[in-house]
Number of protein chains: 2
Amino acid sequence: MKLYDYWRSSASYRLRIALNLKNIPYEHICVHLVKGGGQQHSADYKAKNPQGFVPALELEDGTILTQSMAILEYLDETHPTPALLPSDALGRAEVRSLAQVIASDIHPVNNLRILKYLAGELGVADEQKMTWYRHWITKGFEALEARLGNTGFCYGDSPTLADICLIPQVYNAHRFNVDMTPFPKISAINENCLKIEAFDKAVPENQPDAE
Amino acid sequence: MKLYDYWRSSASYRLRIALNLKNIPYEHICVHLVKGGGQQHSADYKAKNPQGFVPALELEDGTILTQSMAILEYLDETHPTPALLPSDALGRAEVRSLAQVIASDIHPVNNLRILKYLAGELGVADEQKMTWYRHWITKGFEALEARLGNTGFCYGDSPTLADICLIPQVYNAHRFNVDMTPFPKISAINENCLKIEAFDKAVPENQPDAE
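Each value, and the rule that gives it
The numbering scheme is per chain: residues are counted from 1 as the chain's sequence reads. In the order they appear in the text, chains get letters beginning with A and ligands get numbers beginning with 1. Side-chain atom pairs in this predicted model are given and counted only at pLDDT of 80 or more, local residue features only at pLDDT of at least 70, and totals for whole chains, interfaces and linings cover all residues. Think of it this way: build a C-beta for each residue from its backbone, and any pair within 7 Å is a contact. Every helix listed is a DSSP run of H or I at least four residues long, and every strand listed is a run of E at least two residues long, numbered separately from the N terminus. All amino acids are sorted into three groups, where Ala, Val, Leu, Ile, Met, Phe, Trp, Tyr, Cys and Pro are nonpolar, Asp, Glu, Lys and Arg are charged, and the leftover types, Gly among them, are polar. Each domain's limits were defined by an automated method or a database of domain assignments. Alignment of copies: least-squares fit on C-alpha atoms of residues with pLDDT of at least 70 in both copies. In short, DSSP must find at least two bridges between two strands for them to pair. To get an axis, fit a line to the C-alpha atoms, keeping to the stretch in contact for a helix; angles then go from 0 to 180 degrees between the N-to-C directions. The span one expects for a helix is its residue count, reduced by one, times 1.5 Å. Remark: C-beta atoms are placed from the backbone, and a residue is labelled buried if 20 or more other C-beta atoms sit within 10 Å of its own, exposed if 12 or fewer do, or partly exposed between those counts.

## Quick word on the interface of chain B and chain A
Accessible area lost upon the coming together of the parts is a frequently used measure of interface size.
For step 1, the next point in the chain: The interface of chain B with chain A comprises 33 residues on the first partner and 33 residues on the second.
For step 2, the next point in the chain: Element by element, the count of residues in the side of chain B that touches chain A is highest for helix H4 (residues 89–103) of chain B, at nine residues.
For step 3, the next point in the chain: Among the residues making up the side of chain B that touches chain A, the classes are represented as 18 nonpolar, nine polar and six charged.

What follows is the structure, given as structure tokens:
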């Protein structure tokens with residue numbers, strides 16, 4: 001498999017964790033989101049993913065999958081061990097719900113294209129843009145913190161889709177100085193997950209294209 | 001089941017379609033998103049869904065599910081007929097990816113709380129706010145239109161998660177005067193789906209709380 005990847009993309013980071021957890025070897029292909037105005041906008045890459053987003057996953061036969069949440073479900077269905085979802089429907093609903101708090105309600109609102117629109121079309125100052133960024137992470141983390149336990153993971157005693165979404169978002173929170181004091185459970189899960197090799201290997205700074 | 005619902009919430013609209021398609025009876029409970037500053041912020045409702053979003057689905061035993069995409073998967077797992085996902089993993093990945101283009105990349109960015117932040121904290125004028133709204137729908141629809149066929153549905157020949165996400169988003173596009181001329185395939189799917197009783201019954205104007 002080929003992963004169209006960028007070290008600081010948190011949706012790519014999710015897939016790196018999942019591929020590592022499932023021991024699926026993959027070729028890393030860097031799509032640089034900043035250089036030259038962004039390689040994701042190139043005709044070459046848009047032929048692979050018309051939306052011009054990373055990540056995309058190319059299967060052995062050349063099929064290209066897009067949208068990280070859809071790809072995570074695909075990987076879990078086709079490589080079931082270790083499972084990224086609980087074995088019961090209610091558990092799966094809870095894990096997917098926790099994951100979507102991040103994947104729907106934090107990540108897309110803080111995406112690069114949104115920040116560019118704020119600064120460009122709307123003339124929002126850097127300071128206000130960072131306040132925006134921190135605001136939506138804080139709102140989402142408040143919702144999550146209230147729902148988490150103390151098992152070291154978001155749900156149960158092994159990594160699920162929810163942790164796979166959470167850890168990259170905590171990376172962003174640290175990078176942009178979100179106050180994590182109100183989120184001891186999230187912080188404990190982050191610390192616990194990063195001790196696992198599959199998570200550690202997926203950290204942005206450990207990628208070949210890290211700068 | 002009880003659906004905590006608001007007629008114009010497009011995430012609620014998704015669940016109404018799915019419940020109707022699967023012939024699951026449900027009690028509609030209106031959570032008015034505008035009146036009195038928004039009933040979704042009340043302590044009563046936040047005890048049910050700490051995130052203060054609609055929809056939420058209360059099961060017979062009182063368990064409350066949140067996040068529409070997680071609930072749709074739950075309904076499909078527990079009430080498998082008719083299926084809202086294809087029977088093969090690649091098909092499921094494609095349908096989930098199409099659905100996420102809307103559920104991740106359009107809907108959250110145009111959500112009420114975001115529009116309020118733009119107008120309030122950032123002092124964005126009404127006209128610019130509407131341009132923002134239309135911009136993200138148009139971007140997402142461009143990505144979708146390029147991937148759709150002519151079967152009357154987003155994928156295959158019956159409604160899937162992708163149609164369930166698309167039709168409420170087309171409703172929003174019409175409501176806020178998005179130019180649909182570049183999207184003939186999306187428009188054809190919308191027209192086709194709305195002929196189906198389960199979709200028609202879920203239309204905002206057909207809800208008991210419609211104003």
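So much for the structure itself; the text now carries on.
## A closer look at the domain arrangement of chain A
Residue and element names in this part refer to chain A.
For step 1, the next point in the chain: Once the domains are mapped, chain A shows domain 1 (2–81) and domain 2 (89–199).
For step 2, the next point in the chain: Of note, the centres of domain 1 and domain 2, computed from C-alpha atoms alone, are 20 Å apart.
For step 3, the next point in the chain: Contact residues are listed per partner, giving eleven residues for domain 1 and 14 residues for domain 2.
For step 4, the next point in the chain: Breaking the side of domain 1 that touches domain 2 down by element, the ones donating at least two residues are helix H1 (10–21) and helix H3 (68–78).
For step 5, the next point in the chain: Element by element, the count of residues in the side of domain 1 that touches domain 2 is highest for H1, at eight residues.
For step 6, the next point in the chain: Partitioning the side of domain 1 that touches domain 2 into residue classes produces eight nonpolar, two polar and one charged.

## Topic: the relation of the copies chain B and chain A
For step 1, the next point in the chain: Between chain B and chain A, which share one sequence, the superposing operator has a rotation angle of 180° and an axial displacement of 0.0 Å; the RMSD is 0.0 Å. Interpreted geometrically, this transformation is the action of a two-fold axis.
For step 2, the next point in the chain: Both copies present the same face, since 100% of the interface residues in chain B are matched by interface residues at the equivalent positions in chain A.

## Topic: the sheet that holds strand E2 (residues 27–30) of chain B
Residues and elements named next belong to chain B.
For step 1, the next point in the chain: Spatial strand order, E2-E1-E3-E4: four strands in an open sheet with mixed pairing. Each edge of the open sheet carries a strand with a single partner, namely E2 and strand E4 (64–66). For this sheet the average axis-to-axis angle between neighbouring strands, irrespective of direction, equals 25°.
For step 2, the next point in the chain: In this structure, strand E1 (residues 2–5) lies alongside strand E3 (residues 56–58), joined through three bridges in antiparallel fashion. Following the sheet pairing, Tyr4 is matched in E3 by Ala56.

## Details of helix H1 (residues 10–21) of chain B
All names here are of chain B.
For step 1, the next point in the chain: Helix length check: H1, at twelve residues, gives a terminal C-alpha distance of 17 Å against a target of 16 Å (1.5 Å per residue), a fit within 8%.
For step 2, the next point in the chain: With respect to burial, H1 is a largely interior element, eleven of its twelve residues being buried.
For step 3, the next point in the chain: For H1, every residue scored as buried is listed here: Ser10, Ala11, Ser12, Tyr13, Arg14, Leu15, Arg16, Ile17, Ala18, Leu19 and Leu21.
For step 4, the next point in the chain: For H1, the elements touching its buried residues are E1, E3, helix H3 (68–78), helix H7 (161–175) and helix H9 (197–200).
For step 5, the next point in the chain: Of the residues one or two after H1, Asn23 is the one with positive phi, at around 55°.

## As for unusual backbone geometry
For step 1, the next point in the chain: Cis peptide bonds are those with omega within 30 degrees of zero, and the linkage from Thr81 of chain A to Pro82 of chain A qualifies with -10°.
For step 2, the next point in the chain: When you line up the elements, Pro82 of chain A lands in the loop between H3 and helix H4 (89–103).
For step 3, the next point in the chain: Phi is positive for Asn23 of chain B, which is not a glycine, with a value near 55°.
For step 4, the next point in the chain: Relative to the helices and strands, Asn23 of chain B is located in the loop between H1 and E2.

## A few points about helix H7 (residues 161–175) of chain A
Residues and elements named next belong to chain A.
For step 1, the next point in the chain: With 15 residues, H7 ought to run about 21 Å at 1.5 Å a step, and its terminal C-alpha atoms sit 22 Å apart, in line with that.
For step 2, the next point in the chain: Within H7, eleven of the 15 residues are buried, which leaves the element mostly enclosed by the surrounding structure.
For step 3, the next point in the chain: Regarding H7, the residues found buried are Leu161, Ala162, Asp163, Ile164, Cys165, Leu166, Ile167, Pro168, Gln169, Val170 and Ala173.
For step 4, the next point in the chain: In this fold, the buried residues of H7 make contact with H1, H3, H4, helix H6 (126–145), helix H8 (184–194) and helix H9 (197–200).
For step 5, the next point in the chain: Just downstream of H7 lies Asn177, where phi reads positive at about 55°.

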